[in-house]
Amino acid sequence: MGIRANKIFIILLMEFWDPSTVTFKFLDFEITPTLEEFSVFLELPIRGRTPICPSTISTEGFLELLGLRILPSLRRAENGKVKLDYLFQRFGRLESFDKHRDEFACTRRQWMHMRPRVFVMAFLGAMVFPMRFHSININILPIVMELFAVPHNYSLVHIILAEVFRSLSACTRGHNFFGGCNLLLQIWAIEHFYHREPQRDYTIDAHNLIQSHNDRLRYWEAPMGEEEWRPFLTNLTGDSIHWKYFWMRGSVFVRTQHFYFINLVGLGGIQPYAPLRVLRQFGVVQDIPLWANMALHEDDLTSVPAGRIRNLQLDWDHIITIEAGNEKWCTPEYYVWRTTMRHLARPSTKGIVGVADNQWINWVKQGVLPHIEFTTPMYNQIIPGSVDHLIPMIEEDPEEDPEEDPSEDPEDPEEDPEEEAHSEYGSIGFDEEVGSNQIDELSEYYPGPYYDYDDDDDAPTWP
């Protein structure tokens, strides 16, 4: 692929992960990988497919599926894992069957039938669901067998995304091994952090989006090393990222019928996922989302009854979707809620339909928004014109009579045309070389009157 894993970037990125919301939280926005984004990167469809659910397989059952004799091979697959080298020696080469003939309880034809399945298992175990010491999770094999049996019925993307989330949360809580696909996470994040015009991506061959990843980044001067990546991520704001991938279109999954989030079943357990919090990634205006305490729904697979797994699969028959759009804005209520009211946040009332929490929206709109100081990053992200009515209008000073004799007011000194004019709106100085007004220390916009700096009768100048 020509893409090298950036360990420093992934480690620093984890510092911004919040397991309680299943999002990366930065200064004034949050973002998270979505099913639709991973689906396109991996070229694995999700629409019209049922999420495949993993199951726990015994060591004996694993060896039996491989066609190996149980007793001679029992110690090779202990504690739910098997060495990658062990699988390669017995299935990697054409002569492997003859070389280890005494270990197999199947025919050569059955062995040949199993080889591609073992290859897919090994690839997934090494690249997508890695374990320590080059080991492979034996529970991957039943998934692979199911995919080979009915390839058009199931999707693998849900498990892949769930394990990325579970690994991020585990590392945040002190675990020191990332068990998800870190390379896919890296590609996803950098594609969002490189702010560019969407039209630029259309000129690049997007047949394989991972293969063309470096082409889309060819004009980006990316940070290098921890000393550059850390301040980049720390100071990242929502108006400086690439919100929606150009290939994002059609309907997107946002919640289930009974919850404000989606429960994904990963290789190791159940993982909630809340796309309602990142609607801008779908090109939809972000408002205060409906949300719940998702930590209550996390579970290890070993403690989850089979009935609950079946119910989660049935939920996909009633999944709620919305259409992707082309917006990059959020509402002012959301911006205030996200940046200044995190300590007051409470889960939404249960049983509400839709995607937005109108109770919180109305409370922020009436009680908080009128008292907020508007900043440039906020203006750059909220819906244009949505807070103009809250900006105080300042009355203009009456125009002076141009025929008035300046000698009538001896205390009014003559203005120096080269002296800077100061006002409550900031300082404005004239740059003779450039020939234009330079605005300094003007962090906020207020619609104000024009300024006439000279005493002649020409038209007034505007700041």
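Summarised in this report is the structure supplied together with it.

1. Brief notes about the environment of Pro384
Residue position: Pro384 is located in the loop between helix 17 (376-381) and strand 13 (421-423). Sequence-wise, Pro384 and Pro332 are 52 residues apart; in three dimensions their C-alpha atoms are separated by 9.8 Å.

2. Re the packing of helix 1 (residues 7-14) against helix 13 (residues 225-234)
A pair of packed helices is characterised by two quantities: the angle between their axes and the separation of those axes. Interhelical geometry of helix 1 versus helix 13 gives an angle of 35° and a closest axis separation of 10 Å. Crossing geometry of helix 1 relative to helix 13 is assigned as right-handed. Within the contact between the two elements, helix 1 uses Ile8, Phe9, Leu12 and Leu13 and helix 13 uses Gly225, Glu226, Trp229, Arg230 and Leu233.

3. Points about the sheet that holds strand 1 (residues 17-18)
Reading across the sheet, the three strands line up as 1-2-3 and stay open at both edges, with antiparallel pairing between neighbours. Among the strands making up the open sheet, the edge pair consists of strand 1 and strand 3 (30-31). Note: strand 1 against strand 2 (residues 23-25), two bridges, orientation antiparallel. What sits directly across from Trp17, in strand 2, is Phe24.

4. Some points on the pairing of strand 9 (residues 262-265)
A two-sided burial pattern is seen for strand 9, the buried positions comprising Ile262 and Leu264 on one face and Asn263 and Val265 on the other. Between strand 9 and strand 10 (residues 269-273), which pair antiparallel in sequence order, lie three residues.

5. Structural notes on a nonpolar patch on the surface
A surface patch of nonpolar side chains, amounting to about 340 Å² of accessible area, comprises Phe119, Phe123 and Met127. Here Phe119 falls in the exposed class, since its relative accessible area comes to 59%.

6. Considering the packing of aromatic side chains
A full pass over the atoms with the stated rule returns 28 aromatic pairs. Seen from their ring centres, Phe97 and Phe104 are 5.2 Å apart, and the 35° between their planes marks the pair as tilted. A single burial state applies to Phe97 and to Phe104, both of which are buried. These aromatic residues form a ring-pair network of at least three members: Phe9, Phe16, Phe26, Phe29, Phe193, Tyr194, Trp220, Trp229, Phe232 and Trp243. When the ring centre of Trp291 is taken as reference, the NZ or CZ atom of Arg277 above it lies at 5.6 Å.

7. Regarding the nonpolar core
Nonpolar side chains in soluble globular proteins tend to be buried together. Core analysis: the biggest nonpolar cluster contains 97 residues, and Phe24, Phe26 and Phe62 have the highest contact counts within it. Looking at this core, the element that brings in the most residues is helix 9 (residues 157-172), giving nine residues. Counting residues in each nonpolar core, the second largest holds 18 residues, with Ala356, Val364, Val368 and Phe374 among its members.

8. Topic: unusual backbone geometry
What is expected of a backbone is that most residues other than glycine have negative phi and most peptide bonds are trans. Even without a glycine there, the phi angle at Val22 is positive, about 55°. Residue position: Val22 is located in the loop between strand 1 and strand 2. Note on Val22: relative accessible area 1%, which makes it buried. Positive phi, close to 55°, is recorded for Glu43, a residue that is not glycine. Tracing the backbone shows Glu43 in the loop between helix 2 (35-42) and strand 4 (50-51). A relative accessible area of 45% means that Glu43 is categorised as partly exposed.

Procedures and definitions
Residues numbered from 1 in each chain as written. Predicted model: local features only at pLDDT ≥ 70, side-chain atom pairs only at ≥ 80, totals over all residues. Heavy atoms only, no water. Helix = DSSP H or I, 4+ residues; strand = E, 2+ residues; numbered from the N terminus. Axes fitted to C-alpha atoms, helices over the stretch in contact; angles between N-to-C directions. Left-handed = near helix turned anticlockwise from the far one by under 90°. Contact = heavy atoms within 4.5 Å. Pairing = 2+ DSSP bridges. Buried < 20%, exposed > 50% of the residue type's maximum accessible area, 1.4 Å probe, protein only. Patch = residues over 30% accessible without salt bridge, like charges linked within 9 Å, V, L, I, M, F, W, Y side chains within 5 Å. Areas by Shrake-Rupley, 256 points an atom, 1.4 Å probe, with all protein chains shown as cover. Salt bridge = Lys/Arg side-chain N within 4 Å of Asp/Glu carboxyl O. Phe/Tyr/Trp six-rings, centres within 6.5 Å; stacked < 30°, edge-to-face > 60°. Lys NZ or Arg CZ within 6 Å of the ring centre and 35° of its normal. Core = buried A, V, L, I, M, F, W, Y, C linked by side-chain atoms within 4.5 Å.

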